[in-house]
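Structure at a glance
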Amino acid sequence: MITRHPARTNWSRRDMLRGSAAALLGAYGLAPRYGLAADIPMEYDGSKFQMAAPEPNPKRGGVMRYGILNRPPHFDVHQSGTVGNIGTQGCMFDNLIRRDPRDSGKTIIPDLAHSWEIAKDGKTYTFHLRQGIQFHDGADFTSADIKATFDRIAKPPAGVSIPRTPLFRAVSEINTRDKHTVEFKLAAPRSVNFMMSAFATGWNVIFSKKTLEENNYDLRKVFNIPGTGPFKTQRRVENEVWVMERNPNYWNKGLPYLDGIEFYNLLPFSPELGSAILSGRVDYARALDPATARKAATTPGLSTAKFYQSVIHATWMNAKKQPFDDPRVRRAMHLLCDKQVLVDVVKDVSPLMTGGFIYPFSEFATPKDQLAKWLGYQDDPAPAIKEAKSLLAAAGQSNMRSLDFMVRDLNHHKLFGQAIQAMLRDAGIQSNLRTVVESVWFGDATAGNYDLAVGAIVSTLLDPSDYFNAWYRTDGPQNYSFWHNAEFDKLVDQIDVETDTRKRMALIRQAEDLMEQDPPLVPVAWENILDVWYNYVKGHNPKDYFGIYDVVRFDTFWLDKA
């Protein structure tokens, strides 16, 4: 579905600051070690480990009603980069190892693998698997399923693109020593924390070899993918609800506590989502607007949490097309977008923060007071606009053609689109907004069917070796701008293997400086998440999450009510 909005074409930057996000919507009707696991032992025997709720005497039964985006672009979790997949489908699957939901995901714990050994040279990871587990379709789980899953993630077949592939660039072999033992061999050692965090991410769910083979290793159109997880699909109504029921044969005895989960399709940061939680139509709501969260904080019986999210909101520039094949034009677009204004425009809708090309709340980021001195981040945008116009003139683009501006169909992205359109118009650049749903956005972004595109993508880890490779590197799986910079690629190769902290940070600074002059995208904002739930929803601990993708199984959730 494509919607164009030709009206309201004369908003200026000043109008944007003067008006509220609510009015614009009417036009449409750290802590330094965030994201890193706690210390990981080189050898771990978890054969006796069993997951249970953090509270004593959890109650069994009941169906939890959950408000969350569940409008997936397709059904293949591995190929996805949106909560529209993992937020609902995560409960259908298990992982090789996982992050502990009881401490906000800080600790890596056993899952389908109960134990592991990591070689002293850091080049071999051996996992020992549980026995007697079955997929929802009755197929037996073995090491062959782990190998098939990670072979596909590490080296996707033609036509398959997986955002987490760069995490496993160092993996040279995956061997099944027997039915219940699998080993990963690395061509060169990597940080144990990095590799184990890569294995443990909620995105890397385990599919069966049988299912992959039967579907040519592409599960985008397979609605009910068999997993080994605590819940399985009961029914789904497109754009309304996805109903999960308890897996009675789940291998972790005693789990899950819930009889089922109903995932209601309520868009993030939307009034509908806020109304659903405040009225009691859902028990838990993820990604709420600030006004609803403030109201919930003063409402008896409700709890709230705010935490950092592993998402960048950006404007991609199609470097395969003129004029964005010119670095000067890309730099000009970066300078024309007033980041603080954009964050202010959506402040009543979405809790975002400004930043550059690196997570602003991570230890790798340029300090905010230093970033604020750079063109494109200063309080006074006039010098940046002047430089942008000079760059456009030098590139022969003072009279640029009208641009196809694709915007993802979310309230804050539509606001961004209107605001950026006005900022570009101040420099004489015209654009036509094209609002599309998730499936079209990701499809057209991947195919390059756009000039500019406003949307959001995720990473797995805070470490630049993750998202530098996935978002910015030549042919990276989420490099939707088709940006190519050979010098940057060489720097990333060095960043990936450098073990000296100071030297590595210097390389990261070099990469950041390079992107400032030759931007792969325009970094619009970075995300916070606001969750609200009724106090009777137990068995979870979201207060220190980094991202919402690693703790998505709901196996420890329970309802403390009759």
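Above this text you will find the structure in question.
Just so it is clear, the structure is predicted and the values come from calculations on it, not from any experiment.

By the definition in use, this model includes 34 salt bridges. For the salt bridge of Glu238 with Arg236, the shortest nitrogen-to-oxygen distance reads 2.8 Å. The salt bridge involving Arg504 is made with Asp463; its shortest N-O contact spans 2.7 Å. Here the residue Arg504 occupies a position in helix α17 (residues 501-517), and Asp463 occupies one in the loop between β18 (452-458) and α15 (464-472), the gap between them amounting to 41 residues. Residue classification places Asp463 among the buried positions, given a relative accessible area of 13%.

So, about the nonpolar core. Ranked by size, the top nonpolar core spans 97 residues in total, and within it Met64, Ile261, Phe263, Met333, Phe416, Ile420 and Phe554 carry the most contacts. Counting residues per element, this core draws most heavily on strand β19 (residues 521-534), which supplies eight residues. When residues no more than four places from it in sequence are discounted, the contact partners of Met333 are Met317, Phe324, Leu403, Leu424, Ile429, Leu452 and Val522. Counting residues in hydrophobic clusters, the runner-up holds 46 residues, among them Phe127, Phe135, Phe141 and Ile146.

Evaluation of the coordinates by the stated rule reveals 44 aromatic pairs. Ring geometry for Tyr66 and Tyr284: centres 4.9 Å apart, planes at 10°, overall stacked. One end of the pair, Tyr66, is in strand β3 (residues 63-68); the other, Tyr284, is in strand β13 (residues 284-286), and 218 residues separate them in sequence. Both residues of the pair, Tyr66 and Tyr284, count as buried. Summarising the aromatic geometry, the rings of Phe127 and Phe184 are spaced 5.9 Å apart at their centres and angled 85° between planes, so their arrangement reads as edge-to-face. Remark: Phe184 occurs in strand β9 (residues 181-186) and Phe127 occurs in strand β7 (residues 124-129); sequence separation between them is 57 residues.

About the criteria used
Residues numbered from 1 in each chain as written. Predicted model: local features only at pLDDT ≥ 70, side-chain atom pairs only at ≥ 80, totals over all residues. Heavy atoms only, no water. Salt bridge = Lys/Arg side-chain N within 4 Å of Asp/Glu carboxyl O. Helix = DSSP H or I, 4+ residues; strand = E, 2+ residues; numbered from the N terminus. Buried < 20%, exposed > 50% of the residue type's maximum accessible area, 1.4 Å probe, protein only. Core = buried A, V, L, I, M, F, W, Y, C linked by side-chain atoms within 4.5 Å. Contact = heavy atoms within 4.5 Å. Phe/Tyr/Trp six-rings, centres within 6.5 Å; stacked < 30°, edge-to-face > 60°.

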